Amino acid sequence: MKQFVPQWIIEAKRDGKTIPESDLREFVNRFTDGSLPEYQMAAFAMAVFFRGMSGEEKHVLTDAMMRSGDTLSWESLDRPTADKHSTGGIGDKISIPLAPLVAACGVAVPMISGRGLGITGGTLDKLDAIPGYRTSLSVEEFRSVLKTVGCSIIGQTDRLAPADRKLYALRDVTGTVPSIPLITASILSKKLAEGAETLVFDVKCGSGAFMKTPEQARTLADSLVDGARRAGRKATAIIHDMNQPIGQCIGNALEIRESIEILQGAGPADTRKLVLELAVPMLTLSGVASDDADARRQLDAALASGAALETFAKMVVAQGGNGKVADTPAKILPTASFVADVVAPAETADTPQIESVDAETIGRVVLLLGGGRQIATDAIDYAVGIDRLASAGTSVVPGDLLLRLHARSREEAEALIPMALSAFRFR
Ligand code: URA
């Protein structure tokens, strides 16, 4: 009879051996049901951190984690399904315009998103800025919104990949988060359980991101695509530089405003470009566009006709929110009581071009304004943040606007001006 002895599995991984499928599955199952202690999973995670995993081991780990809870299927829908996953970054509001835009082109987008912790705000926190919008729907409500509107963005349920929730919390406190196999299994177990047939990954790289170098980002991107394909999904990945923040708005309500601008066919060029770069493969891999040019034509048409904006408004209404936000965001979204200009300093008389804007510093300023969480239970102020953020490459003279701080008071804004200025390098 085959014996299952957890420490033998830990020892095998510690010594760089490949773990047989049945042992790996049992290890995950016992961890999920609580019969395998957390210290053994922590030791295993550390062994994986140092020794890595083969493609097949990663696939088995992902599959076991995915099957630890409910899995959704969209076979009864009359349209293909696609979703994107981003490793997140400062000002990353891409999901909010992307889902309705892609849905308006005939691909359903069942999107399960997360909240932010630390400096990166989560999609759900941004959507919470819309009065009435419910991010917590039952599976039946999620299905119904997807069927009637074509897209739905909600939060993770307790029943989706519970093994990941447990393992992620453990990794967070045992120094085992930055492991490519563990990140891959974590992201994919949730995305595969969500059931979309096509997955597009947006892997960030740089100061405001998890992966600091392009090489690390490429390795994670390849691992995610390989894992998704092994699981029978269509998949591709892009790598996006996160040294600069995305767009000109950072902060929850302000990012909703910028997302609406994108859906109106306007908004900052970098944000629009990234939305389209991710939307194109969602359409081509799903088969609703014959090639990239055809996808671009369909996406441009959905923006120009107002269909994408209308889909967004319908999603907001279907999830309990005030749909008027799509037409009059300034009237519907919360606004901060004090707005302070931050302008180019005297030194720009000699160095008149912005060389870079540090994403991490900008994220920290928004966090300190009250727009993010320092611990998981912190309340967020949806109104605060930054807008009109100048981008790298812009020419400035002393006194030109670099950004505006939306704060709860003059004192809070003024206290953060030096930090906001420190994000800028001039040349
Ligand atoms: N996001 C996840 O969901 N899991 C990870 O491990 C890292 C980023």
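Before reading on, note that the structure itself is shown above.
Residues numbered from 1 in each chain as written. Predicted model: local features only at pLDDT ≥ 70, side-chain atom pairs only at ≥ 80, totals over all residues. Heavy atoms only, no water.

## Thoughts on empty space enclosed by the protein
Per the stated rule, a full pass over the model turns up four cavities of 30 Å³ or more. Around the second largest cavity sit Asp70, Leu72, Ile112, Val139, Phe142, Ile154, Thr157, Arg159 and Leu160, which together line it. (1 Å grid on protein atoms, 1.4 Å probe; cavity = no way out; pocket = protein on both sides within 12 Å on 5 of 7 lines; lining within 4 Å. Points joined across faces, edges and corners; volume = space filled by probe spheres on them.)

## Points about the sheet that holds strand 6 (residues 338–343)
Ordered in space as 6-9-8, the three strands form an open sheet in which the pairing is antiparallel. The open sheet terminates on both sides in strands that have one partner only, identified here as strand 6 and strand 8 (385–387). In this sheet, neighbouring strand axes are inclined to one another by 30 degrees on average, regardless of whether the strands run parallel or antiparallel. In the sheet, strand 8 pairs with strand 9 (residues 401–407) via three bridges, with the strands oriented antiparallel. Paired with Gly385 across the two strands is His406, which belongs to strand 9. (Pairing = 2+ DSSP bridges. Helix = DSSP H or I, 4+ residues; strand = E, 2+ residues; numbered from the N terminus. Axes fitted to C-alpha atoms, helices over the stretch in contact; angles between N-to-C directions.)

## With respect to the sheet that holds strand 4 (residues 198–205)
One open sheet accounts for three strands, arranged 1-4-5; its pairing is parallel. Single-partner strands in this sheet number two, and they are strand 1 (82–86) and strand 5 (234–241). For this sheet, the mean inter-axis angle between neighbouring strands, taken without regard to orientation, is 15 degrees. Where strand 4 lies against strand 5, eight bridges are found, and the strand directions are parallel.

## Here we look at the site of the ligand
Looking at the ligand, the residues that line it are Tyr168, Arg171, Ile183, Ser186, Ile187, Lys190 and Phe210. Measuring from an oxygen atom of the ligand, one finds a side-chain N or O atom of Arg171 at 2.9 Å. Taking Lys190, its side chain carries an N or O atom lying 2.5 Å from an oxygen atom of the ligand. Computed on the free molecule, the ligand has an accessible area of 240 Å², of which 86% lies beneath the protein chains in the complex. For the shell around the ligand, the secondary-structure elements that each account for two or more residues are helix 8 (162–172) and helix 9 (180–194). Of all the elements, helix 9 adds the most residues to the shell around the ligand, at four residues. Its residues assigned to classes, the shell around the ligand shows four nonpolar, one polar and two charged. (Near = heavy atom within 4 Å. Polar contact = N/O pair within 3.5 Å; in protein donor to acceptor, adjacent residues only side chain to side chain. Areas by Shrake-Rupley, 256 points an atom, 1.4 Å probe, with all protein chains shown as cover. Nonpolar A, V, L, I, M, F, W, Y, C, P; charged D, E, K, R; others polar.)

## Quick look at helix 11 (residues 252–263)
The terminal C-alpha atoms of helix 11, which comprises twelve residues, lie 17 Å apart, in line with the 16 Å expected from a rise of 1.5 Å per residue. Looking one or two residues beyond helix 11, the residue adopting positive phi is Gly265, at roughly 85 degrees. (Expected span 1.5 Å × (residues − 1).)

## Focus: a nonpolar patch on the surface
There is a patch of nonpolar side chains on the surface, built from Met46, Phe49 and Phe50 and spanning about 300 Å² of accessible area. Structurally, Phe50 can be placed in helix 3 (residues 38–51). (Patch = residues over 30% accessible without salt bridge, like charges linked within 9 Å, V, L, I, M, F, W, Y side chains within 5 Å. Salt bridge = Lys/Arg side-chain N within 4 Å of Asp/Glu carboxyl O.)

## A closer look at the pairing of strand 1
Counting buried positions along strand 1 gives five out of five residues, so the element sits mostly inside the fold. Taking every second residue as pointing to the same face, both faces of strand 1 are buried, with Ala82, Lys84 and Ser86 on one and Asp83 and His85 on the other. The sheet contact formed by strand 1 and strand 4 spans five bridges and is parallel. Directly across from Ala82, in strand 4, lies its bridge partner Thr198. (Buried < 20%, exposed > 50% of the residue type's maximum accessible area, 1.4 Å probe, protein only.)

## A closer look at helix 9
Taking 1.5 Å per residue as the helical rise, helix 9 with its 15 residues ought to reach 21 Å, and the 21 Å between its terminal C-alpha atoms agrees with that figure. In terms of burial, helix 9 is largely enclosed, as 14 of its 15 residues are buried. Positive backbone phi, approximately 90 degrees, marks Gly195, located one or two places after helix 9.

## Considering the packing of aromatic side chains
Within this structure, the stated rule accounts for five aromatic pairs. Taken together, a centroid distance of 4.7 Å and an interplanar angle of 45 degrees make the contact between Phe27 and Phe44 tilted. Pair noted here: Phe27 is in helix 2 (residues 21–33) and Phe44 is in helix 3, with a separation of 17 residues, a long-range link. On the basis of relative accessibility, which here comes to 0%, the residue Phe27 falls in the buried class. The ring of Phe31 carries Lys166 above its face, with NZ or CZ at 4.7 Å from the centroid. (Phe/Tyr/Trp six-rings, centres within 6.5 Å; stacked < 30°, edge-to-face > 60°. Lys NZ or Arg CZ within 6 Å of the ring centre and 35° of its normal.)

## Topic: the nonpolar core
In terms of nonpolar packing, the biggest core is built from 111 residues, with Leu101, Phe201 and Phe312 touching the most fellow members. If one sorts the elements of this core by residue count, helix 12 (residues 269–286) sits on top with eight residues. Ignoring sequence-local partners within four residues, the contact set of Phe312 consists of Ile96, Pro100, Ile130, Ile260, Leu263, Val325 and Ala326. (Core = buried A, V, L, I, M, F, W, Y, C linked by side-chain atoms within 4.5 Å. Contact = heavy atoms within 4.5 Å.)

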